Amino acid sequence: MKTAVIHQPQYFPYLGFFHKLNQGDIFVAMDTVQFERRGLQHRNKIKTSQGSQWITVPVCHRAREEEFINTMEINSEFPWSRKHWNAIVTNYARAPYFAQYSSGLEKIFQQEWVNLCELNMAMMRWVMEILEINKPIVYMSALGVEGNKSELLINICQAIGANAYLSGIGGRQYMDMAEFTTAGIDVFWQEFSYPTYTQMFPELDFAPNLSILDTLFCCGSDTKKFLNVC
């Protein structure tokens, strides 16, 4: 059985994203789907002394019908990388494992990024290497597939020779299971409960579903233990 994980490139996605990657056999990055304004493709949350805070990569907008993830350009008029790095240092410099990962992360922020998708994928590869998630990555743009919803997912699976698809729970809202059955593709649902751990600013309530950076800085190599937890 070859299980596909199919997902849009996101900006430092949360722990559950990497949990799903670890359960599959191959990751297909959906780089040619519609860009979602004010979505996780260009922003995510960190924890601060005031609670959860968004850090957002500014992008150059066009007409909505022309906005695809792999064509989105970062708006370099705003010093977003310096602001993001300063926010991360301010709130995580005293985290137990910040020093262990900070140099690698800083190098990413120091690069000149033009394309949002390239930035997201570089950051995701960096995290995958740390967590030892050694899965092949295929870009949807390289497959030449089309379709909507279930049809698109099935076409992707067939293009990469996958006979199983691992979906997040949200897929139940739009996936047509009969189509997958007809195509001979098994569907599995991700089972993931966000774990609790000691975060920065423990006087505040525990904040789940933050960027993976929160888990890495607070838990270090123990983050890998969460990749197989249901």
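Reference entry: report on the structure contained in this document. Note that this is a predicted model, so its numbers are computed, not measured. (Residues numbered from 1 in each chain as written. Predicted model: local features only at pLDDT ≥ 70, side-chain atom pairs only at ≥ 80, totals over all residues. Heavy atoms only, no water.)

1. Quick notes on the environment of Met123
Residue placement: Met123 occurs in helix 4 (residues 116-130). Classification of Met123 as buried rests on a relative accessible area of 0%. Taking the C-alpha atoms as reference points, Met123 and Phe12, separated by 111 residues in sequence, lie 6.5 Å from one another. The contacts of Met123, once residues within four sequence positions are left out, are Tyr11, Phe12, Ile108 and Phe109. (Helix = DSSP H or I, 4+ residues; strand = E, 2+ residues; numbered from the N terminus. Buried < 20%, exposed > 50% of the residue type's maximum accessible area, 1.4 Å probe, protein only. Contact = heavy atoms within 4.5 Å.)

2. A few points about the state of the cysteines
Throughout the structure, instances matching the rule amount to zero disulfides. The thiol sulfur of Cys60 is not disulfide-bonded, and the nearest other cysteine sulfur, from Cys117, lies at 16 Å. For Cys60, a relative accessible area of 30% translates into the label partly exposed. No disulfide involves Cys219; its nearest neighbouring cysteine sulfur is the one of Cys218, lying 6.0 Å away. (Disulfide = S-S within 2.5 Å.)

3. Section: unusual backbone geometry
In this structure, Phe12 is a non-glycine residue whose phi angle is positive, near 40 degrees. Tracing the chain through its elements places Phe12 in the loop between strand 1 (3-7) and helix 1 (15-23). Residue Phe12 is classed as buried on the basis of its relative accessible area, which comes to 2%. At Asn209, a position not held by glycine, the phi torsion is positive, near 60 degrees. Considering the arrangement of structural elements, one finds Asn209 in the loop between strand 7 (186-189) and helix 7 (212-219).

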